[in-house]
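# Observations on the three-dimensional arrangement
One-letter residues, chain by chain:
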Number of protein chains: 2
Amino acid sequence: MSTTGLYQDQHLEINLPQAMVSVDEQRLILTRKEFELLAMLSANEGEILPRNVLLDRIWGYSEEIRTRTLDVHIRRLRKKLGLYGDSYIQTIFGVGYRFQRFREPRALISYQSPLFAATA
Amino acid sequence: MSTTGLYQDQHLEINLPQAMVSVDEQRLILTRKEFELLAMLSANEGEILPRNVLLDRIWGYSEEIRTRTLDVHIRRLRKKLGLYGDSYIQTIFGVGYRFQRFREPRALISYQSPLFAATA
DNA sequence: ACATAATTTACAACCTTTTTACAAGTTGGA
DNA sequence: TCCAACTTGTAAAAAGGTTGTAAATTATGT
């Protein structure tokens, strides 16, 4: 996300100042928390945001508080992002989450080793 | 809305200097408060106007005042805007309202997976 | 395999908006 | 002035949306 508060790629468009998000030209209705979460993640595109940082900044929770609230909100956000939810919001196990720019899925290349080629 | 105080799209026309509003070529009779509300919203097309801002600017109410007056006026305005009322004036839950340019409703695309096509 | 972490579902509490109805206030004309 | 029509604000009920948590399930790393 740039300093203008805009993010755009092939599928997703985020306009922070106008609080508008769309996926494939389709407007998304996000709740405040969902929006804040996406805003914070996307504003730090590519960076890992630790759970405690997110819980602190968005919820004002201190480290001690044990909750699954963040996870549930991540889930709701991913769901609203539809097909691409999982690819935009990546889980860093044991650490937190990271927003990632859309990457065209790679075509899988089947490589058949000649050494193991079926002998018909 | 431009600096000329004019707004126009496929269905709605707002002329602030002349205090004229029409929907589908049909003149609309708005009360003063309704007009002020529409004027303020449309002048800030695309921007979220928080409740407290609207209540302050249009009613001179301070933050402390708890009232449903704004909501009721929004309702009356939407109603007069007819079919498009809801699409022009968007509710931002817990925040305020936003005027949005008319958007052609998306045609839904029915996609029948070949995998599940009925076999006649 | 184990312990730990994340995902997912469902639900209840809470809060906000919508809607209806009414009464008070205002305006303009007879 | 008085009336009728219109405007406006408020109350209250209904409807709707948001959020956090619990609990079961699934995934991950060692």
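Check the entry above for the structure.
First, a word on scope: everything that follows refers to the structure included in this document. Because the structure is a prediction, the values reported are computed rather than measured. (Residues numbered from 1 in each chain as written. Chains lettered and ligands numbered in written order. Predicted model: local features only at pLDDT ≥ 70, side-chain atom pairs only at ≥ 80, totals over all residues. Heavy atoms only, no water.)

## Digging into the protein's contact with DNA strand D
- Lining the immediate environment of DNA strand D, one finds 22 residues, of which Thr31(A), Arg76(A), Thr31(B), His73(B) and Arg76(B) sit closest.
- His73(A) places a polar side-chain atom, nitrogen or oxygen, 2.8 Å from a phosphate oxygen of DNA strand D.
- In the model, a base oxygen of DNA strand D is placed 2.6 Å from a nitrogen or oxygen of the Arg76(B) side chain.
- Only helix H1 (32-43) and helix H3 (69-80) of chain A together with helix H1 (32-43) and helix H3 (69-80) of chain B provide two or more residues apiece to the surface near DNA strand D.
- The residue makeup of the surface near DNA strand D, split by class, is eight nonpolar, eight polar and six charged. (Near = heavy atom within 4 Å. Polar contact = N/O pair within 3.5 Å; in protein donor to acceptor, adjacent residues only side chain to side chain. Helix = DSSP H or I, 4+ residues; strand = E, 2+ residues; numbered from the N terminus. Nonpolar A, V, L, I, M, F, W, Y, C, P; charged D, E, K, R; others polar.)

## A few points about the pattern of salt bridges
- Enumeration according to the criterion identifies ten salt bridges over all chains in this entry.
- Across the salt bridge formed by Arg68(A) and Asp71(A), the nearest N and O atoms sit 3.1 Å from each other.
- Salt-bridge contacts for Asp86(B) lead to Arg78(B); the nearest nitrogen and oxygen are separated by 3.8 Å.
- Overall, Asp86(B) belongs to the exposed group, its relative accessible area being 60%.
- In the salt-bridge network here, residues are joined through shared partners; they are Arg51(A), Arg68(A) and Asp71(A). (Salt bridge = Lys/Arg side-chain N within 4 Å of Asp/Glu carboxyl O. Buried < 20%, exposed > 50% of the residue type's maximum accessible area, 1.4 Å probe, protein only.)

## Overview of the environment of Ile48(A)
Residues and elements named next belong to chain A.
- Its location among the elements puts Ile48 in strand E5 (residues 48-50).
- Between the alpha carbons of Ile48 and Phe99 there is a distance of 7.7 Å; along the sequence they are 51 residues apart.
- Contacts of Ile48, omitting those with residues within four sequence positions, involve Ile92, Val95, Tyr97 and Arg98. (Contact = heavy atoms within 4.5 Å.)

This is a description of form; function is not addressed.
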